[in-house]
Amino acid sequence: MAEIQSIAVIGAGTMGNGIAQVSAMSGLDVTLVDTQDSFIQRGMDNVKTSLARFVKAQKLTQAQADAAVARIRTSTSLSDAVKDADIIVEVVPEKIDLKQAVFQQIARAAKPDAVLATNTSQLSITAIASAIDRPQDVIGTHFFNPPVMMKLVEVVRGLQTSDRALGVALALAKKLGKEAAVCKRDTVGFITTRAAAALRLECLRMLEEGVASMEDIDRAIRLGFNHPMGPIELTDFNGLDVALFNAMSLRDAYGERFNPPQSLVTRVKAGQLGRKTGAGWYDYTDPKAPKPTQ
Ligand SMILES: NC(=O)c1ccc[n+]([C@@H]2O[C@H](COP(=O)([O-])OP(=O)(O)OC[C@H]3O[C@@H](n4cnc5c(N)ncnc54)[C@H](O)[C@@H]3O)[C@@H](O)[C@H]2O)c1
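Model, not experiment: these values are computed from the prediction.

**Quick notes on the packing of helix α11 (residues 240-254) against helix α12 (residues 262-269)**
Then, in step 1: Where α11 contacts α12, the axes come no closer than 9 Å and their chain directions differ by 130°. The angle between α11 and α12 falls in the class oblique. Crossing angle aside, the handedness with which α11 passes α12 is left-handed. For the pair formed by α11 and α12, the contact residues are Leu240, Asp241, Ala243 and Leu244 on the first element and Leu264, Val265, Arg267 and Val268 on the second.
Then, in step 2: Residues of the contact of α11 with α12, tallied by class, amount to 6 nonpolar, no polar and 2 charged.

Below, the structure is given as structure tokens:
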């Protein structure tokens, strides 16, 4: 492949529509796929709202924003969408069975030289690749939320990933104006998910031990380490169920240092999953002024 010109993005949710947008803004021909027209519509509405913000901030002209929208074709047919793409990025929910099934569909329809990427945050690239007969073409391209703003793409090699696929993934990151960090070994949580979990779990343990209030723990990490959000408020933002699943997978891989704190388990049982349910560690009855729930 001379240069990447086209990308198919499978899944138009939180991450998928952002990856489609940044790809279109970088001049790629994009096909954005989801299972229902309404999901695609929601994704495209997000893209248009985000582009309008760029125009308002004078970072894009209206003509550039319109051109980006025009570069995104949408489809509910995965096989049709991937057939001409140089690279395909799978961005469906974090479930191994679903991702393997989607990769089987992709592998049946993609060009022989297409690179098949997954945006998984922590699942094994090798396990996803094991579902198809061309594992050498499979690689992790882990974008961050929101993809239009966040600079990093964590590129993760599976056991059988070829140097060619790695090269194409790095070229994609560059084309999109991102910086890549390569995780050389396919290990649970890669670099970033594993490191973020260690910080989050230690902060939750400090909270359980009464070392400091949740507001002070969040303030300390935010201001002391220049993080945009503290780990406890970030857990509310991403979902406590996601944090629990994440901790359990890391515990299975690395042992008890990733044991989920009891307070996290209890809140998930109570359905207090964070912003999406109105309460997690903080209460969002007034979303502009969240209050600690303990
Ligand atoms: N949300 C984040 O902050 C974040 C950050 C980094 C990585 N990730 C990873 O990105 C992936 C997607 O996460 P998300 O937050 O965008 O999820 P999401 O639930 O917002 O979006 C997933 C989309 O995939 C669609 N989908 C489901 N099955 C499909 C299929 N068979 N074909 C086509 N589309 C299908 C769904 O309808 C949905 O629109 C996950 O692997 C997640 O771990 C998420």
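**Observations concerning the site of the ligand**
Then, in step 1: Near the ligand there are 20 residues, and of these Met15, Asp34, Glu94, Lys99 and Ser121 occur at the shortest range.
Then, in step 2: Asn119 has a polar side-chain atom sitting 3.0 Å from an oxygen atom of the ligand.
Then, in step 3: Between an oxygen atom of the ligand and a side-chain N or O atom of Asn145, the distance comes to 3.3 Å.
Then, in step 4: Compared with its free state, where it exposes 830 Å², the ligand has 78% of that area covered by protein.
Then, in step 5: Listing elements by their share of the shell around the ligand, those giving two or more residues are α1 (14-25), α5 (96-109) and β6 (138-143).
Then, in step 6: A class-by-class count of the residues in the shell around the ligand yields 8 nonpolar, 9 polar and 3 charged.

**Considerations on the pairing of strand β8 (residues 179-183)**
Along any regular strand, the residues point their side chains to alternate faces of the sheet.
Then, in step 1: Sheet topology places strand β7 (residues 152-157) next to β8; 5 bridges connect them, and they run parallel. Each bridged residue has a counterpart across the sheet, and for Val155 the counterpart in β8 is Val182.

**Things to note about the pattern of salt bridges**
Side-chain pairs of opposite charge can arise whenever the charged atoms involved come near each other.
Then, in step 1: All chains considered together, the criterion is met by 14 salt bridges.
Then, in step 2: Among the ionic pairs, Lys83 bridges to Asp80, the shortest N-O distance being 2.9 Å.
Then, in step 3: Residue classification places Asp80 among the partly exposed residues on the basis of a relative accessible area of 28%.
Then, in step 4: In this structure, Arg222 and Glu233 form a salt bridge, with 2.6 Å as the shortest nitrogen-oxygen distance. Here Glu233 lies in helix α10 (residues 231-238) and Arg222 lies in helix α9 (residues 214-225), a separation of 11 residues in the sequence.

**Describing the domain arrangement of the chain**
Then, in step 1: Each domain of the chain was delimited in the assignment, giving domain 1 (6-183) and domain 2 (192-282).
Then, in step 2: Taken residue by residue, the interface counts 9 residues in domain 1 and 6 residues in domain 2.
Then, in step 3: Roughly 490 Å² is buried in total at the junction of domain 1 and domain 2, and carbon and sulfur atoms are behind 46% of that figure.
Then, in step 4: Of all residues in domain 1, Gln122, Asn145 and Glu154 bury the most surface against domain 2, accounting for 65% of the area lost on that side.

Parameters and conventions
As a convention, each chain's residues are numbered from 1 in the sequence order in which they are written. Selection of residues for local features in this predicted model requires a pLDDT of at least 70, selection of side-chain atom pairs for listing and counting requires 80 or more, and totals for whole chains, interfaces and linings are taken over all residues. For the side-chain quantities, the full set of heavy atoms in the structure was used; hydrogens and water were omitted. Axes here mean lines fitted to C-alpha atoms, for a helix over just the part in contact, with angles spanning 0 to 180 degrees between N-to-C directions. Where helices and strands are cited, they refer to DSSP runs of H or I of at least four residues and of E of at least two residues respectively, numbered from the N terminus. The scheme is simple: roughly parallel for angles under 35 degrees, roughly antiparallel for over 145, roughly perpendicular for 65 to 115, oblique for anything else. Definitions for this section: a left-handed crossing has its near helix turned counterclockwise from the far helix by less than a right angle. A right-handed crossing has that turn clockwise. Note on definitions: a residue-residue contact is assigned when non-hydrogen atoms from the two residues lie within 4.5 Å. Residues are grouped as follows: Ala, Val, Leu, Ile, Met, Phe, Trp, Tyr, Cys and Pro are nonpolar; Asp, Glu, Lys and Arg are charged; all remaining types, including Gly, are polar. Here a residue is considered near a molecule or strand provided that any single heavy atom belonging to it is located within 4 Å of it. Counted as a polar contact is a pair of N or O atoms within 3.5 Å, where, for protein atoms, one must be capable of donating a hydrogen and the other of accepting one, and residues adjacent in sequence contribute only when both atoms are in side chains. Computed with a 1.4 Å probe, the accessible areas rest on the Shrake-Rupley method; for each residue, only the protein chains presented here act as cover. In short, DSSP must find at least two bridges between two strands for them to pair. One speaks of a salt bridge when a side-chain nitrogen belonging to Lys or Arg is within 4 Å of a carboxyl oxygen belonging to Asp or Glu. Summary of the burial criterion: residues with accessible area below 20% of their type's maximum are buried, those above 50% are exposed, and those between are partly exposed, where the area comes from a 1.4 Å probe applied to protein chains only. These domain boundaries are the output of an automatic or database domain assignment. Accessible surface is computed with a 1.4 Å probe, and the buried area is the amount of it that two parts give up when combined, taken over both parts together.

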